[in-house]
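Structural overview
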Amino acid sequence: YGNILKDGDSVTIIKDLKVKGSSSSIKAGTKVKDIRLIAPVNGHDIDAKVVGFGAMMLKSEIVKKCT
């Protein structure tokens, strides 16, 4: 979405994500607070705690910054 992300931002997931090792998925529109930017690992460059799923790594192209 073109917004610059920084540590501590809140983001919204823009599409449903399948979670490896789980039968459920993270739905589009899920808000994630207090992200942390990291060096890219397999394309994942955001470290965050998703409510109901715990700590995980996300790709910046599947999130948008909350205003």
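Rules behind the numbers
- Residues numbered from 1 in each chain as written.
- Predicted model: local features only at pLDDT ≥ 70, side-chain atom pairs only at ≥ 80, totals over all residues.
- Heavy atoms only, no water.
- Helix = DSSP H or I, 4+ residues; strand = E, 2+ residues; numbered from the N terminus.
- Rg over C-alpha atoms; globule rule 2.2 N^0.38 Å.
- Buried < 20%, exposed > 50% of the residue type's maximum accessible area, 1.4 Å probe, protein only.
- pLDDT = per-residue confidence, 0-100.
- Contact = heavy atoms within 4.5 Å.
- Pairing = 2+ DSSP bridges.
- Core = buried A, V, L, I, M, F, W, Y, C linked by side-chain atoms within 4.5 Å.

Considerations on the overall build of the chain
If you tally the helices and strands in the chain, you get 0 helices and 8 strands. Across the chain, helices and strands are ordered from the amino to the carboxyl terminus as β-β-β-β-β-β-β-β. Here the chain has a C-alpha radius of gyration of 11 Å; the compact-globule value for 67 residues is 11 Å, and the two agree. In terms of overall dimensions, the chain has a C-alpha envelope of 35 × 25 × 20 Å along the principal axes.

Here's the deal with unusual backbone geometry
Positive phi, normally seen in glycine, also occurs at D34, with a value near 55°. Note on placement: D34 falls in the loop between β4 (31–32) and β5 (36–41). Judged by its relative accessible area of 58%, D34 is exposed. A positive phi angle, near 55°, is found at N42, a position not held by glycine.

Some remarks on the confidence of the model for the chain
Looking at the chain, pLDDT values average 91 and 99% of them are 70 or higher. For the chain, per-element mean pLDDT is lowest for strand β2 (residues 17–18), which scores 91, and highest for strand β1 (residues 11–13), which scores 95.

Details of the side chain of D9
When you line up the elements, D9 lands in the segment before β1. Here D9 falls in the buried class, since its relative accessible area comes to 9%. Not counting residues within four places of it along the chain, the set of residues in contact with D9 comprises I4, V32, K33, D34, I35 and K65.

A word on the sheet that holds β4
Taken in spatial order, the 3 strands make up an open sheet running β4-β1-β8, and their pairing is antiparallel. The open sheet has two edge strands with one neighbour each: β4 and β8 (63–65). Here 3 bridges tie β1 to β8, and the two strands are oriented antiparallel to one another. Residue T12 lies in a different strand from β8, and its bridge partner there is K64.

Digging into the nonpolar core
Counting 15 residues, the largest nonpolar core has I13, I26, V32, I35, I46, L58 and V63 as the members making the most contacts within it. Mapped by element, the contributors of at least two residues to this core are β1, β6 (44–50) and β7 (54–58). In terms of residues, this core owes the most to one element, β6, which gives 3 residues.

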